[in-house]
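Spelled out from the first residue to the last, the chains are:
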Amino acid sequence: MLRPHFSLFFLLFVWITNAQLKTPDTFLGYALGTNFTRHHQVVDYYQHLEANSTSIKLQAYGKTNEGRLLQLAFISSPENLENLESIRKTHLQNSGMEPGPKNDNKVIVWLSYNVHGNESSSTEASMKTAHALLTQYQDWLQDTIVILDPCINPDGRDRYVNFYNQTKSSPYDSKGLTREHSESWHNGRSNHYMFDLNRDWAWITQVESQQRLKQYNQWLPHIHVDFHEQGINSPYYFAPAAEPLHEVITDFQKEFQDTLGKNHAKYFDQEGWFYFTKQTFDLLYPSYGDTYPTYLGAIGMTYEQAGGGYAGLGVDNNENIEVTLTDRIAHHYTTGISTVETATKNKSVLNKNYQAFFKNQNLKYKNFVLEGHPDKLSALARFLEHHEIKSYGLEKNSSVKGYDYQKQRVGNTSFSQNALVVPTNQPKGKMAQILLEPQTKLNDSLTYDITAWSLPYAYGLKANATRENLATVPFPSALKPNTSLSKKVYGYALPYKSFADAQFLAALLKADLGVRYNSVPITNSGKSWERGSLFVLKGDNLKKDSYLEKLEIIATQFGRTLHPVTTGYSSAGPDLGAAEVHLIKPPKVAILRTDQASTLSYGEIWHYFEQQLEYPLMQVDESRLESALETMDQLILPNGYYGKWSNNDLNDKIMEWVRKGGKIIALAGALDHFANTEAFKLKKKEGPETDTTLVPYEELERTEISEITSGSVFPVSLDKTNPLSFGLDRYYTLKLNEDAFSLLENGNNAAYLSANTSPAAGFIGYKALENQKKSLLFGSETKGRGSLIYLLDNVLFRGFWYSGKMVFANALFF
């Protein structure tokens, strides 16, 4: 009897409470679009909303590298927010991630803002969107949970906002050539380590991605939107997406993008705003903020507004239209609200088709079977676990029929017991297939990103993708190492077979322990030691206090099992005191900071040293390079666009430094600095050319793809006697462009593509492929007592190519 009166009273209470909410303009003291809002102000505004409304709940989910808050805002009815955990679990029943019946209870919409820090209008729009949902669209919130991530990349955002506030004119200047429209080298797009967080959803190398993914997997929404900005001359983009679309994307996912697009178009048409759809932005590469959610059942989309770091508060485009921050906010606000509206009206159909997505019927493969060093398998299993993809061990030695990754055809592959098995018969089976499948089907070769990323190739594993059912057991956890060490033995040794071994080596060198490696095979103390094995011998550590205690602590930390060496006398091969057993000098490594270097490549190297290898790295600006040479042993040149080597005072000093024992490690585009010059052997091949004289204008782009690659994977020929190849059973390279270099004459060609090379995965044009035959991948050139290491492909690309991390460690330590 009292329920209707209680409901009316409760709604009145909510209305009175929400009436106390300040608009962003009132709270900040300026109209949105007239200033950029710093991250702490955004945080303050959302806290104000939570303090004054029962329809919003904030949840902190971590901090950035620079200590800024990462948080989500849940917006729904007060009753829903009180039962949020129950709603979450009930929703996950629809995907199979939680046990229980399927249901049609709620619709979940997740809106992500500002993944690129200098695409800054979206965080401003998030505040306007949140306020509107709380004050104007409460009816939608009865059956809808809206999750807002106001700023995915606070470090990049504040870097941009601080730059702009420090450089802008007053009033702002809309002429594009002025200072306020020209960011510095480390601009606001990327995070602290210069990573593009919109390419990190799948690889989760960055702390922001790692913390966000935990939250995303707790919800797996029906719809996810990633708000972006693009060039100032482009109209607004919203879905439907362009081809290519991955084959696991359902017809419904495509159709509902069209439903959303038509609703957006209705509002844009009313205002006379320009927009485009079905072009440029495809759904293939799995590590974007639209594709990753799509492969987990969502309607995943990117919305692109003209602007970016070039736009500032306003900039004139090529059509003499001033692109203002105010307009950019209005456009993102409109599509955000339109998305929630469309979701709310389609709750039942979204739930029905979301449930169908997770049935995983008629997938191409039932199981992926992988074999390799236990460290590599464990690393891959842990990676998959972060995505909540389950893996198992093969019950017994088996011959598996399916697509053999090494033979690149269907055949039988022999696997040992406890090989890693990843089934697709699990809730995230489609994602497992996308990450592991040997080849991604392309329905269009013109793509926005790479077309190959298969993790068995990245980890250098033997693999088979099969339609067979397999008997499995729990994947074995790593055995605890026996690290009880004795002073009586001659020393200890460890095979070098994984990146974990490289991390162990780095820790030993940081601890000032003497370490040696063998450049030829040795049999000693009852064990055969392949090239590159690590020896920590008593003779190298006699004057070092407590070296065994240090060694034991580090071995335990990295889970390494050390083998006792009882004598320096080898039963086969050189003795441990021979010249072929080399003492590793702890390198003093520097990276060159120059405007010619790619920030992405620079950041990949910086992150590799600090967060993965955990080894000291000096960051040296080019203006201080000459003075810094005497403090370093090695100099890394990131990928970039460098001028040709020429004779000048600085280069003469660099060459002298190399001849005295210095090492230069040149990565990808940095090889152009040395190629085709008199001072070095490195020769770049001429790229293929296509006669386009009579090709129709509209066909030019497609004609020219015969000369390029869009991220293709190739099997590599290895010289396993070369230190750059130590620890690699097999290697696949990810080619990001069509550059090709001739084999070094009388040089050290550690890895190369053979005369009959062909891609294992991904697209490469036929002319570009021809140029890759008999070409260098990584090698070295000696100059006096020093050397240059040439790594043609970016082995640290986006931080996910496991085998590439080993190659880079080899370049540093051997």
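It should be noted that the structure appears before, not after, this text.
Residues numbered from 1 in each chain as written. Predicted model: local features only at pLDDT ≥ 70, side-chain atom pairs only at ≥ 80, totals over all residues. Heavy atoms only, no water.

Asks: Report on helix α20 (residues 649-659), specifying residues and quantitative values.
Replies: An α-helix turns once per 3.6 residues; consequently, residues spaced three or four apart project the same way. Burial in α20 covers these residues: Asn651, Ile654, Met655, Trp657 and Val658. Viewed end-on, α20 has its buried residues packed into an arc of 160°, placing them on one side of the element. Against α19 (625-628), β29 (634-637), β30 (663-667), β35 (775-783) and β36 (786-791) lie the buried residues of α20. Gly661, located one to two residues past α20, shows a positive phi value of around 125°. (Buried < 20%, exposed > 50% of the residue type's maximum accessible area, 1.4 Å probe, protein only. Helix = DSSP H or I, 4+ residues; strand = E, 2+ residues; numbered from the N terminus. Arc of directions from axis to C-beta. Contact = heavy atoms within 4.5 Å.)

Asks: Give me the lowdown on the packing of helix α16 (residues 499-510) against helix α17 (residues 547-557), citing residues and values where you can.
Replies: Close contact between α16 and α17 brings their axes to 10 Å; oriented N to C, the two are set at 150°. When the axes of α16 and α17 are compared, the pair comes out roughly antiparallel. As for the relative orientation of α16 and α17, their crossing is right-handed in sense. Of the residues in α17, those in contact with Phe504, Ala507 and Leu508 of α16 are Leu551, Ile554 and Ala555. Residue composition of the contact of α16 with α17, by class: six nonpolar, no polar and no charged. (Axes fitted to C-alpha atoms, helices over the stretch in contact; angles between N-to-C directions. Parallel < 35°, antiparallel > 145°, perpendicular 65-115°, else oblique. Left-handed = near helix turned anticlockwise from the far one by under 90°. Nonpolar A, V, L, I, M, F, W, Y, C, P; charged D, E, K, R; others polar.)

Asks: Give a detailed account of the sheet that holds β30, specifying residues and quantitative values.
Replies: One open sheet holds the eight strands; their spatial order is β28-β27-β29-β30-β36-β35-β34-β32, and the pairing between them is mixed. Each edge of the open sheet is held by one strand with a lone partner, namely β28 (618-621) and β32 (717-718). Each of β27 (589-593), β29, β30, β35 and β36 is contacted by helix α23 (residues 802-813), which is oriented at about 160° to β30, the strand it contacts most. (Pairing = 2+ DSSP bridges.)

Asks: Can you explain the packing of aromatic side chains? Please cite residues and give values.
Replies: To describe a pair of aromatic rings, one takes the distance between the centres and the angle between the planes. The full count for this structure, using the stated rule, is 57 aromatic pairs. Ring geometry for Phe357 versus Phe358: centroids 5.2 Å apart, planes at 75°, classification edge-to-face. Neither residue differs from the other here; Phe357 and Phe358 are each classed as buried. A centroid spacing of 6.4 Å and a plane angle of 80° characterise the contact between Phe499 and Tyr802, whose relative ring orientation is edge-to-face. Of this pair, Phe499 sits in helix α16 while Tyr802 sits in helix α23, placing them 303 residues apart in sequence. Assigned by exposure class, Phe499 and Tyr802 land together as buried. Sitting over the ring of Trp201, Arg212 keeps its end group 4.4 Å from the ring centre. (Phe/Tyr/Trp six-rings, centres within 6.5 Å; stacked < 30°, edge-to-face > 60°. Lys NZ or Arg CZ within 6 Å of the ring centre and 35° of its normal.)

By themselves, these figures tell us nothing about what the structure is for.
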